[in-house]
Amino acid sequence: MPLTARQRSIHNKNGAKRSASMTKGKRSRKSSEGEYLVTNAPTDLRSISYPGGMVALALLLTARIISAYWGHIADCDETYNYWEPLHYLVYGSGLQTWEYSPAYSIRSYMPLWMFAVPAKILSFIMTPVSVFYTLRALLASLTACSELMFYKAVCHEFGVHVGRIWLCLSLAAAGCFASSAAMLPSAWSSALVAAALASSWRRRYSAAITFTAATTLLSWPFTALIGVSIAIDMLFFKKKFYEFFKWSIISLIVILVPTIIVDSWHYGTLVVAPWNIVVYNIFTEHGPDLYGVEPWTYYFVNGFLNFNIVWVLALSCPLLLLACRAVATRSIAPPAFCIPYWLSLMPLALWLGVFMVQPHKEERFLYPVYSMIILAGAISLDCIQKMTFAVGTELFRWRKERERRHYLSYTGPLAVMCVMLFSTISISRIAALYNNYHGPMVLLRHLPAEPKVVCFGKEWYRSPSSFHLPPGASIRFVASEFDGQLPAPFSDLHNATRIIHPYFNDLNKGDNTTYLPPSKCHYLVDSDIGRATHLQPFYHTDTKSWNIIASVPILDAAKSNKIFRAFYVPGISYKHVVYANLYLLKNVLIN
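Residues numbered from 1 in each chain as written. Predicted model: local features only at pLDDT ≥ 70, side-chain atom pairs only at ≥ 80, totals over all residues. Heavy atoms only, no water.

Rule in force here: UniProt positions are given in the numbering used here, feature names are shortened, and annotations may be inferred rather than shown by experiment.
As recorded by an unreviewed UniProt entry, the protein chain carries the name Mannosyltransferase and is attributed to Pieris brassicae. Under the UniProt heading Subcellular location (unreviewed entry), the entry covering the protein chain gives this text: "Endoplasmic reticulum membrane". Here the protein chain is described in UniProt, under the heading Sequence similarities (unreviewed entry), as follows: "Belongs to the glycosyltransferase 22 family."

If you want it as structure tokens, here you go:
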């Protein structure tokens, strides 16, 4: 597919100066960053192939919908803080966490209603579990659309070659497989941030501000940090003061006012949920640290698990940009170490800089910058290719042809090998996640179609949500060694979202009054992981009280090799990992 003048210019090996216009037959306008006029693009580059918009969208949709149907719920916060209240809005029953108590009100109902409306319509023609997977497919499709915007903007701002590398890497990335269909604010922010940055790079500032406001007010307030680069570009480089403030005010009114109205109605008092979550996480003495802290190495390890060599390349991006600039010769255009790079990559640097120093760390906290991580990796790989070509022109016969040949003509196989290595390791990671943790997503399919109580004990964090139960059934908890706070059912009253329950607190203190005794559970989810205790007996061995209805394999992490439980290697992994059983038990003493 031939390149346009704009696309050829990005690959200009002689570093031609920016042109005055790219008019496409219309009136001229001033040039902007990333716009060049090139008349001497290498002939072997003019036929470079890269996926067009429809092909890229088809590839992204395929990859993301696969994750929607074969991915598992990796974070119990997704189940209890989003799928459960969503189930309540659609079906009138579900579990409520303390965050949704009117005493704290740090979660907004507004984004949930955006999914509850189509889910309510689907509920008339589908079973709850079908609604669940349809919503995940919807999330995956919206993510793919935002990624298409990002891909096209990367081609525009950083070059077609960087764009196609980004596309190839993002399709197979294990991190994107986990995040693209997740019902989590950080996952929504991943899509909205990609759309905001893409709009900014394409100089569509009204859309960039709107997407930034949406991710801040509807999704996760802390993602406002990523909008800093957009503000700097508009205010300091483009001097678009009027446009910036106009669209900021419009977005604030259009998004925040309906959110306040919806939340205030649900909670029964004036509520600004985005502000409440900022206050809780920053201005309280305990904040999120009650839910576990991790060492400084956590994100380095987690980043490698999700992005392997791309994570290493992304962290090395600043150094590689400097090195590429230093060794660049007349035969390759050095990276424009100005607005297109340092400002465009600022969101990633800011996000990692802030979240890596926080004691409370979770994998989902990096979701908003997943696209940026892959972009930084693609830029680094492009720098390596350029430096390889620069060295080759000095050591090999490339020197004779460097004036009429492009660096991609010689270093293309290097990029292909890196993409193949990354994809192989990523698929290995995805396969390990599926084999090790997908069991809970299918276990409850063996429940009969009758309204019963299904209990979870020590395996409370593996619940896939009430959407996986037959209509009329409910999830409850039995006592276990876990002493933290667990959700409780929404009240049956019509004003359930306005009721303040005394057992909810923001100190993560458990309350046994919300638990059921095992004898009152019709079904119970149990496992043979660990050792039996007084509070966590092996219920499945008590054949007088329980019958095993179904079982699925689940990884016993404590008994498995760390490497082979993280990556699947055919023919080898099974020798180094240990699987336990997750059981669905039926109480034979009650009907």
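## As for the sheet that holds strand β7 (residues 579-587)
As a reminder, the rule being used: Here a strand pair is declared whenever DSSP counts at least two bridges between the two strands. Strands here mean DSSP runs of E at least two residues long; helices mean DSSP runs of H or I at least four residues long; both are numbered from the N terminus. Axes here refer to lines fitted to C-alpha atoms; in helices the fit is confined to the stretch in contact. Angles between the N-to-C directions go from 0 to 180 degrees. The contact criterion used is simple: two residues touch if any of their non-hydrogen atoms lie within 4.5 Å.
Strand order in the open sheet made by the five strands is β3-β2-β5-β7-β6, with mixed pairing throughout. Where the open sheet ends on each side, the last strands, each with one partner, are β3 (474-477) and β6 (546-555). In this sheet, neighbouring strand axes are inclined to one another by 25° on average, regardless of whether the strands run parallel or antiparallel. Sheet analysis places β6 next to β7, joined by nine bridges and oriented antiparallel. Bridge pairing in β7 places Ser-551 opposite Tyr-583. Sitting on the sheet, helix α19 (residues 407-437) touches β6 and β7, and the angle it makes with β6 is about 160°.

## Here's the deal with the environment of Met-234
Residue placement: Met-234 occurs in helix α10 (residues 228-237). When the C-alpha atoms of Met-234 and Ser-200 are compared, they prove to be 9.0 Å apart, with 34 residues separating the residues in sequence. Contacts of Met-234, omitting those with residues within four sequence positions, involve Tyr-205, Ile-209, Lys-239, Lys-240, Glu-243 and Phe-244.

## Section: a nonpolar patch on the surface
For the record, the criterion: Note on patches: the residues involved have over 30% relative accessible area and no salt bridge, like charges join within 9 Å, and the nonpolar side chains Val, Leu, Ile, Met, Phe, Trp and Tyr join within 5 Å. Here the open area of atoms and residues is found with the Shrake-Rupley method and a 1.4 Å probe, where only the protein chains shown may cover a residue. Whenever Lys or Arg places a side-chain nitrogen within 4 Å of a carboxyl oxygen from Asp or Glu, that contact is recorded as a salt bridge. Note on exposure labels: buried denotes an accessible area under 20% of the residue type's maximum, exposed denotes more than 50%, and partly exposed covers the range between, all computed with a 1.4 Å probe on protein chains only.
A surface patch of nonpolar side chains, about 830 Å² in accessible area, is lined by Phe-241, Phe-245, Ile-249, Ile-250, Leu-252, Ile-253, Val-254, Val-257 and Ile-261. Take Leu-252: it is sitting in helix α11 (residues 241-267). Given the relative accessible area of 43%, Leu-252 is considered partly exposed.

## Remarks on the UniProt feature "transmembrane region" (unreviewed entry) in the protein chain
Under the UniProt annotation, the feature "transmembrane region" (unreviewed entry) is placed at residues 112-131, 166-188, 208-232, 244-262, 309-328, 340-359, 365-384 and 407-427. Structurally, residues 112-131 is divided into 75% helix and 0% strand, and its ends, taken at the C-alpha atoms, are 14 Å apart. Secondary structure over residues 407-427 splits into 100% helix and 0% strand, and the C-alpha atoms at its two ends are 30 Å apart.

## Some thoughts on the nonpolar core
Generally speaking, soluble globular proteins have nonpolar side chains that are buried together. The condition that has to hold: In this text, buried Ala, Val, Leu, Ile, Met, Phe, Trp, Tyr and Cys residues form a nonpolar core when linked through side-chain atoms within 4.5 Å.
Leu-86, Phe-150, Trp-201, Met-372, Leu-375 and Ile-379 are the most contacted members of the largest nonpolar core, which has 93 residues in total. Apart from the residues lying within four places of it in its own chain, the contact partners of Ile-379 are Phe-158, Val-162, Cys-317, Leu-321, Tyr-341 and Leu-345. Formed by 23 residues, the second largest nonpolar core is a distinct cluster that contains Phe-456, Leu-469, Ile-529 and Ala-550.

## Concerning the state of the cysteines
Selection rule: Disulfide: a pair of cysteine sulfur atoms within 2.5 Å of each other.
Under the defined criterion, the tally for this structure stands at one disulfide. Across the disulfide from Cys-455 sits Cys-521; the S-S distance is 1.9 Å. The disulfide joining Cys-455 to Cys-521 has a torsion of about -85° about its S-S bond and is therefore left-handed. Of the two residues, Cys-455 sits in strand β2 (residues 453-456) while Cys-521 sits in the loop between β4 (488-489) and β5 (523-527), which places them 66 residues apart along the sequence.

## Description of the pairing of β7
In terms of strand pairing, β5 meets β7 through five bridges, oriented antiparallel. For Leu-524, the partnering residue across the bridge sits in β7 and is Leu-585.

## So, the side chain of Glu-84
Counted only if it meets this: Charge assignment in this entry is limited to Lys and Arg as positive and Asp and Glu as negative, and neither His nor the chain termini are counted.
Positionally, Glu-84 belongs in helix α3 (residues 76-91). Summary of buried charges: Glu-84 has no salt-bridge partner, and the nearest side chain of opposite charge, Arg-476, is 11 Å away. Discounting residues that sit within four places of it in the chain, Glu-84 has contacts with Thr-79, Ser-93, Gly-94, Leu-95, Ser-465, Ser-466 and Ile-475.

## With respect to the pairing of β2
The side-chain alternation of β2 yields two buried faces, one formed by Val-453 and Cys-455 and the other by Val-454 and Phe-456. Across four bridges, the pairing between β2 and β3 is parallel. Across the sheet, the residue bridging to Val-454 is Ile-475, located in β3. In the sheet, β2 pairs with β5 via three bridges, with the strands oriented parallel. By the bridge assignment, Val-454 is partnered in β5 with Tyr-523.

## A short note on the side chain of Thr-259
Considering the arrangement of structural elements, one finds Thr-259 in helix α11. Owing to a relative accessible area of 1%, Thr-259 belongs among the buried residues under this scheme. Here Thr-259 is in contact with Ser-108, Met-110 and Leu-218, once residues within four sequence places are set aside.

## Things to note about the environment of Gln-536
We count it as follows: Polar contact is the term for a pair of N or O atoms within 3.5 Å; when the atoms are in protein, one must be able to donate a hydrogen and the other to accept it, and sequence-neighboring residues count only if both atoms are side-chain atoms.
Structurally, the position occupied by Gln-536 is in the loop between β5 and β6. Among the residues examined, Gln-536 registers a relative accessible area of 14% and is labelled buried. Put simply, Gln-536 and Asp-526 are ten residues apart on the chain and 9.2 Å apart in space, counted from C-alpha to C-alpha. Among all residues touching Gln-536, those that are not within four sequence positions of it are Lys-458, Ser-480, Glu-481, Phe-482 and Arg-531. Within the structure, Gln-536 has its side chain in polar contact with the backbone nitrogen of Glu-481 (distance 3.0 Å).

## Observations concerning the pattern of salt bridges
Counting across every chain of the model gives ten salt bridges. Here Asp-75 and Arg-364 are joined by a salt bridge, their closest N and O atoms 2.6 Å apart. Here Arg-364 lies in the loop between α16 (346-355) and α17 (370-395) and Asp-75 lies in the loop between α2 (53-70) and α3, a separation of 289 residues in the sequence. The partner of Lys-238 in a salt bridge is Asp-233, with the nearest N and O atoms 2.7 Å apart. Here the two residues Lys-238 and Asp-233 agree in accessibility, since each one is buried. One salt-bridge network, held together by shared partners, links Asp-75, Asp-77, Glu-362 and Arg-364.

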